[in-house]
Amino acid sequence: MEKIRIQKVIADSGYCSRRKAEELILNRHVKVNGHLALTGQKIDPVKDVLTIDGERIYYQTKKEHVYLMMNKPRGYITSMSDDRGRRCVTELLPNLDVRVYPVGRLDLNTEGLLLFTSDGKFANDMMHPSRSVSKTYRVTVRPDITDEQAVKLSEGVMIDGRVTAPAEVRVLSKEPNRVVMELVIREGRNRQVRKMCEAVGLEVARLKRTAFGPLKLGMLKPGTCRELKPEELRAIRGAVKKPERRRK
Ligand code: URA
C-alpha cells in the first residue's frame, strides 16, 4: 500500500484534526511500530502499527463521516475528558460507531451551537483562521450599551495585543439594566466575545452562539444533538473561504 503521512492517517481515522495530530507527534505521544514517530514520517497505514498514548489507531479508507450540531448548555467544558472531574460536552453525545470531536470550542459558560465531526479535514477547514467562517452570538450585556461602545465593537478593539477584525453589531432588545445584542465575528480567538465586551466596558451576563456560518441553531433543545442535513453540509462547506492560490 502507498505510504501516507502519519498526521493524515490520524486525521482520517477521526482521532483529531491534522494540526492536532502534528502537535501530538511533536509532543511524543505517537509511535509507529513501538518507536516514536517523526513529523512528516510516512507509513504503510495497513501494515504499520500506529499508536497514540498506547491506543491503536486504525486507518479508515472509505468512511462515512459524521457531522453533528449540539446545543451546548452552560456548565460543560469543550473537551473530550477532564482530569478535574468537570462535565464535558462529550457526555451529551449519542452513542456513535465513530469517534467525533468538537470543531473549535465554547467556554464553560457559553451555550449554543457546537459542531462535532469525525472528519479531520472538515474540522481543520472550519477552524483555520484564514477561512473566516462567521460566528453569530447572542450576547446579553449589562447595564446598557452606548452607540460609542457598539461602534468600537464593530470597528475593532484591542485584545491580547491585536485589534479584532470588523464585526457586525445589532442591538436586539433593551430593558432596564440589560441589553441583548447580536454580534457576528469572523475570527475565533480565545474568549473573543467576552474579551471584546470587556475591552469596551461591558459585562457579559449571557453568551450563546446561535449560528456558525450558514448553520442555525434554531430550536434544538439544550443538551441535545442532531445530524447536519446534506444541504446544511453543502452550505457550510461552501461558506468556507478557500485559501488563495500562490502565484508562481
Ligand atoms: N467568545 C467567547 O468569549 N466565548 C466563547 O465561548 C465563544 C466566543
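Because the structure is a prediction, the values reported are computed rather than measured.

The rules behind each value
- Residues numbered from 1 in each chain as written.
- Predicted model: local features only at pLDDT ≥ 70, side-chain atom pairs only at ≥ 80, totals over all residues.
- Heavy atoms only, no water.
- Pairing = 2+ DSSP bridges.
- Helix = DSSP H or I, 4+ residues; strand = E, 2+ residues; numbered from the N terminus.
- Contact = heavy atoms within 4.5 Å.
- Axes fitted to C-alpha atoms, helices over the stretch in contact; angles between N-to-C directions.
- Salt bridge = Lys/Arg side-chain N within 4 Å of Asp/Glu carboxyl O.
- Parallel < 35°, antiparallel > 145°, perpendicular 65-115°, else oblique.
- Left-handed = near helix turned anticlockwise from the far one by under 90°.
- Nonpolar A, V, L, I, M, F, W, Y, C, P; charged D, E, K, R; others polar.

> Got a minute to help me understand the sheet that holds strand E5 (residues 50-52) in this structure?
Pairing between the strands of a sheet comes from backbone hydrogen bonds, and it takes one of two forms, parallel or antiparallel. Strand order in this open sheet of four strands is E3-E2-E5-E6, and the pairing throughout is antiparallel. The open sheet has two edge strands, strand E3 (35-36) and strand E6 (55-57), and neither has a second partner. Relative to E5, helix H1 (residues 6-13) is tilted by about 70°, and along the sheet it contacts strand E2 (30-32), E5 and E6.

> Please explain the pattern of salt bridges as it appears in this structure.
Close approach of charged atoms allows side chains with opposite charge to pair. This structure, assessed with the given rule, holds 17 salt bridges. Between lysine 195 and aspartate 160 there is a salt bridge whose closest N-O contact spans 2.8 Å. You can see lysine 195 sitting in helix H5 (residues 192-199) and its partner aspartate 160 sitting in the loop between strand E11 (158-159) and strand E12 (162-163), a full 35 residues away along the chain. Among the charged side chains, a network of salt bridges with common partners joins Arg74, Glu111 and Arg206.

> Please clarify how the packing of H1 against helix H2 (residues 18-26) should be interpreted in this entry.
If you want to describe how two helices pack, look at the angle between their axes and the distance between the axes. Put simply, H1 and H2 touch, their axes get as near as 8 Å, and they point 125° apart. Classified by the angle between their axes, H1 and H2 sit oblique to one another. In this structure, H1 meets H2 at a crossing whose hand is right-handed. Contacts from Ile6, Gln7, Lys8, Ile10 and Ala11 in H1 reach Arg18, Ala21, Glu22 and Ile25 in H2. Here the contact of H1 with H2 is built from residues that sort into five nonpolar, one polar and three charged.

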